[in-house]
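# Report on the structure
Residue-level listing of the chains:
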Amino acid sequence: MAIRNIRVMGDEILGKKCKEVKEMTEKNRELIQDMLDTMYDADGVGLAAPQVGILKRIAVVDVTEDRSQPIVLINPVIVEQKGEQRGSEGCLSVPDKVGIVVRPDKVKVKAFDINMKPITIKGEELLARALVHEIEHLDGHLYVEKVEGRLYDIEEFQEEV
């Protein structure tokens, strides 16, 4: 389909709450495909609609190394979270930066798939982190709000680790 421009920190759309999706339209299907294409092109593990300038509660995630298991989330809600993980996190909307963020180690998310069928996704470790990160985008939040300490340049962070 198409690679869309990724909005970066400072763009006011990233601070807005997204609207629920009521039905699957051809326009929404195109958006989802474009989001997947954009995420893969940017080498990300997740992307939320506001990151491409659309205020809809849609996110895509794929944490697999071979990029073979995309997850489409429409109107996602975290219904359960357990444990805690502390680790480095970045974001396509905060390019070349990384910070330490505490997230749940396990989450359960209810959402709708691309066909508006209810789904439940259980995620651990990186998938849990990605799910929470993307869902927070839908409520107008960036991970930088939760960073412990300071935000690092990626090169600087890699040297310290």
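Residues numbered from 1 in each chain as written. Predicted model: local features only at pLDDT ≥ 70, side-chain atom pairs only at ≥ 80, totals over all residues. Heavy atoms only, no water.

As enumerated under the stated definition, the model contains 13 salt bridges in all. Arg4 serves as the salt-bridge partner of Asp34, at 2.9 Å between the closest nitrogen and oxygen. Of the two residues, Asp34 is situated in helix H1 (residues 26-41) and Arg4 in the segment before H1; the sequence distance between them amounts to 30 residues. With a relative accessible area of 3%, Asp34 lands in the buried category. (Salt bridge = Lys/Arg side-chain N within 4 Å of Asp/Glu carboxyl O. Helix = DSSP H or I, 4+ residues; strand = E, 2+ residues; numbered from the N terminus. Buried < 20%, exposed > 50% of the residue type's maximum accessible area, 1.4 Å probe, protein only.)

Below, the discussion takes up the state of the cysteines. For the structure on display, the rule yields 0 disulfides. Cysteine Cys18 shares no disulfide, and the gap to the nearest cysteine sulfur, in Cys91, comes to 13 Å. Given a relative accessible area of 10%, Cys91 falls into the buried group. (Disulfide = S-S within 2.5 Å.)

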